[in-house]
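Fold and geometry: a report
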Amino acid sequence: MAYKGADFYLSDELFTEEEILIRDSVRQFVTDQIMPIIAKHNREGTFPAHLVPGLGELGLLGASLEGYGCAGVSATAYGLMMVELERGDSGIRSFVSVQGALCMYPIYRFGSEEQKQHYLPDMAKGEAIGSFGLTEADFGSNPGGMRTRAEKTAGGYLLNGSKSWITNGTIADVSIIWAKLDGVIRGFLVDKGTKGFSAQDIKGKFSLRASVTSELLLENVEVPETALLPGTEGLKSALSCLNQARYGVAWGAIGAAQAVFDEAVRYAQGRVQFGRPIAGFQLQQAKMAEMLTEITKAQLLCARLGRLKEAGKATPAMVSLAKRNNVAMALDAARTARDILGAVGIMDEYQTFRHMCNLESVKTYEGTHDIHTLILGQAITGLDAFE
Amino acid sequence: MKIVVCVKQVPDSDAALAVNADRTWIVDSGINFELNPYDRYALEEALRIKEAGEGEVVAVSLGPARAAQVLKTCLATGADRAIHLKDEAFQGGDPWANAQALAAAIRTVEPDLVLCGFQANDDTLAQTPVLLAEMLGMPHATGAMKIEKTDTGVRVARELEADRREVVDLPLPAVITVQTGINEPRYASIKGIMAAKRKEMKTPGPADLGIDPSQVGAAGSRLRFFDLAVPPKKEGGEVLTGSTEEIAVALVKRIRENTGVL
Ligand SMILES: Cc1cc2nc3c(=O)[nH]c(=O)nc-3n(C[C@H](O)[C@H](O)[C@H](O)COP(=O)(O)OP(=O)(O)OC[C@H]3O[C@@H](n4cnc5c(N)ncnc54)[C@H](O)[C@@H]3O)c2cc1C
Ligand SMILES: Cc1cc2nc3c(=O)[nH]c(=O)nc-3n(C[C@H](O)[C@H](O)[C@H](O)COP(=O)(O)OP(=O)(O)OC[C@H]3O[C@@H](n4cnc5c(N)ncnc54)[C@H](O)[C@@H]3O)c2cc1C
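We now turn to the structure provided with this report. (Residues numbered from 1 in each chain as written. Chains lettered and ligands numbered in written order. Predicted model: local features only at pLDDT ≥ 70, side-chain atom pairs only at ≥ 80, totals over all residues. Heavy atoms only, no water.)

Here we take up the site of ligand 2. Residue and element names in this part refer to chain A. Around ligand 2 lies a shell formed by R271, Q273, F274, I278, F281, Q284, K287, D339, I340, G342, A343 and I346. One of the side-chain nitrogen or oxygen atoms of Q284 is found 2.8 Å away from a nitrogen atom of ligand 2. With the chains in place, 43% of the 970 Å² that ligand 2 exposes on its own is no longer accessible. Of all the secondary structure elements, the ones that give two or more residues to the shell around ligand 2 are α8 (282-310) and α9 (316-340). The residue makeup of the shell around ligand 2, split by class, is six nonpolar, three polar and three charged. (Near = heavy atom within 4 Å. Polar contact = N/O pair within 3.5 Å; in protein donor to acceptor, adjacent residues only side chain to side chain. Areas by Shrake-Rupley, 256 points an atom, 1.4 Å probe, with all protein chains shown as cover. Helix = DSSP H or I, 4+ residues; strand = E, 2+ residues; numbered from the N terminus. Nonpolar A, V, L, I, M, F, W, Y, C, P; charged D, E, K, R; others polar.)

A few words on the packing of helix α7 (residues 235-270) of chain A against helix α10 (residues 352-364) of chain A. Residues and elements named next belong to chain A. Where α7 contacts α10, the axes come no closer than 10 Å and their chain directions differ by 160 degrees. Our classification of the angle between α7 and α10 gives roughly antiparallel. α10 is crossed by α7, and the crossing has left-handed handedness. For the pair α7 and α10, contact is made by V249, A256, A259, V260 and E263 and by T352, H355, L359 and V362, respectively. Residues of the contact of α7 with α10, tallied by class, amount to six nonpolar, two polar and one charged. (Axes fitted to C-alpha atoms, helices over the stretch in contact; angles between N-to-C directions. Parallel < 35°, antiparallel > 145°, perpendicular 65-115°, else oblique. Left-handed = near helix turned anticlockwise from the far one by under 90°. Contact = heavy atoms within 4.5 Å.)

Residue and element names in this part refer to chain A. Surrounding ligand 1, one finds 18 residues, the nearest of these being T135, S141, W165, T167 and T368. One nitrogen or oxygen atom from the main chain of W165 is found 2.7 Å from a nitrogen atom belonging to ligand 1. Summarising the interface, the protein chains cover 67% of the accessible area of ligand 1, which totals 980 Å² for the free molecule. The cavity where ligand 1 resides is the second largest pocket. (1 Å grid on protein atoms, 1.4 Å probe; cavity = no way out; pocket = protein on both sides within 12 Å on 5 of 7 lines; lining within 4 Å. Sits in = over half its atoms within 2 Å of the grid points.)

Let's shift gears to the layout of surface pockets. All names here are of chain A. Reported here for the second largest pocket is a volume of approximately 1,300 Å³. If you trace the second largest pocket, you find 44 residues lining it, with G140, L242, R246, E366 and G367 closest to the centre. Of all the secondary-structure elements, those providing two or more residues to the lining of the second largest pocket are α5 (90-110), β5 (156-167), α7, α9, α10 and α11 (369-381). If one sorts the elements of the lining of the second largest pocket by residue count, α7 sits on top with six residues. Of the residues belonging to the lining of the second largest pocket, the class tally is 19 nonpolar, 18 polar and seven charged. (Points joined across faces, edges and corners; volume = space filled by probe spheres on them.)

Under the criterion given, the structure shown has 12 aromatic pairs over all chains. Residues A:F8 and A:Y9 carry aromatic rings whose centres are separated by 6.3 Å and whose planes lie at 25 degrees to one another, so their mutual orientation is stacked. Each of the two residues, A:F8 as well as A:Y9, counts as exposed. Geometrically, the ring pair formed by A:F15 and A:W251 is tilted, given 6.3 Å between the ring centres and 50 degrees between the ring planes. Note that A:F15 is positioned in the segment before α1 (17-34) and A:W251 in helix α7, a separation of 236 residues in sequence. Neither residue differs from the other here; A:F15 and A:W251 are each classed as buried. Every member of this aromatic cluster is reached through a ring pair, and the members are A:F15, A:Y247 and A:W251. If you follow A:K309 out to its NZ or CZ, it ends over the ring of A:Y247, 5.2 Å from the centre. Stacked on the ring of B:W96, the Lys or Arg B:R222 has its end atom at 3.5 Å from the ring centre. (Phe/Tyr/Trp six-rings, centres within 6.5 Å; stacked < 30°, edge-to-face > 60°. Buried < 20%, exposed > 50% of the residue type's maximum accessible area, 1.4 Å probe, protein only. Lys NZ or Arg CZ within 6 Å of the ring centre and 35° of its normal.)

Structure follows, in structure tokens:
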């Protein structure tokens, strides 16, 4: 049976024909190209790099940007793309989020025309890969405290410091390094192979195993004037990128939830215990009813958020609400689905456990669940509880 | 080369089908439709031939309003323009009537090559392209697994039984039906989908094509479905029991006696 994501409230009717066509094309790509190979990559802890040109050809990289070889889709279409990708694997969606929302977006928004011309067309094609270096080992939720420094030199800048938990770090052709220049956080484009710049993969992950996560080391890295993203000014520049990515994460989580829901329902219908399908037991029906209810709410949340974003009315706190709700929802759905699958639920022959593990990372990155609670608390009360 | 690709909208291969009240066709409301899978290969082949040189790919479909969807898919995947025969007069036809209408539409394009899927996934008749070739006065080849341009036309490797192939040379223009597996169809890219809305989709009626409405659609058909039925559920079957060895012996015995295969 061809995969169809749960859509109990006919939310497809909220999307344009073009948005649906885009969604369907990505869905087909995921079915054909990702589903058959993802379990193996997850098991072996490898990123399916061979998919990157296809992602580029399809137009998924930097899809919401205009020009420079990018498709320029609506915020809603972008969200639907994320749903489908994450139905495949959160790691693949992470790759696309980092490439588009965290790397191409800042170059597009804060870069010079030369920087845009130099990087964006290749990145849209997947011929150049980006990484986004904000987090440091000692500064995760509090990136403003970062230690990485930039100093002005005669010909450019000298960078020193380290970054941790950086998606795509070792495979990136260009890394956006956030560093303090005279106490102000700025973004720098550091090309692969620049002297003093090195990256190493973080091993032993239980989560996002099909995605590359790395540590970056910057030891007296000399970069030219042209490496500075001229429009960056303070932490808010970095946070504006995260806001784009969080928006995609909020949508993407729906896809993971749909995938585990689909798997759990099919399994429950086929699994016979005590002489009948377990789908017929009230306890299991309660779980499935809960999952579908939460998926449906998350879908409507995002459908509305997408239109708000297109109208320029989506505030960062609105994005926080959706990221916080939807990722927690998807993680709960995955844990419930795993229960329904009984013993087979711990196997990688089924998708559920992989999604469940992946979603633990998704809950932590792009602002932890707690941090989004605090952002909402701030939006409600006007009082900042961070410090 | 100017290439026409004929495409058909068919029910999703996993749609739950029911026979309609007068048993003449399926109930076509409430199910999803898709581009006939064979036609995806025909389209891909057309795009590849075009990209190897230059030219134009025109997608043509006969079907009701909903069939516009498959033409949009073709435009999004790379076809340059589309013709949709959606006039009521064209609907409900058999392969002969449909080929009449398609031939009239295709004549307006004056193509060098007409590609069709090997068959349609709904009725699996595989008749329309062959009739179409005859009406257009073009040679045809069916079941192509390879199409190569030659100095005089095209060379087509046709799929026969048991991995055998027949190679034929055709002058152009010609009609070729394409077998699945001839290529790997591409996906409609996001940019392609967005560009599609600016591409031309014509919807000529019988008068525009100079066709007598009595020769197309239900009126022009010679073939009629009059008693469709869902095949009866297979009864019984036999469950073999015993040790693995006993089951294997019993199974071989039955295969031998009932099929003559062994
Ligand atoms: C797989 C993966 C990929 C990643 N990719 C990237 C990337 O590409 N680029 C990048 O820059 N970063 C990346 N990150 C880092 C990610 O953004 C951080 O992990 C995240 O910001 C949390 O930081 P931390 O892990 O240091 O946790 P901490 O900040 O140490 O938080 C630990 C716990 O304390 C809680 N906490 C923290 N502060 C408060 C507070 N004020 N009040 C209450 N509770 C609080 C948190 O909610 C959390 O539960 C990635 C992380 C992972 C796991
Ligand atoms: C790592 C591992 C090691 C194991 N080791 C052993 C071992 O050493 N020896 C051994 O004998 N077994 C072992 N088991 C098997 C284990 O006991 C079973 O997995 C367990 O009994 C559940 O059975 P199941 O996996 O077939 O799930 P199922 O029984 O198919 O259950 C699937 C789902 O349906 C629910 N369900 C079932 N019946 C009902 C009902 N009537 N009403 C409502 N809900 C229902 C279950 O709660 C579950 O959520 C092991 C399992 C694992 C994962």
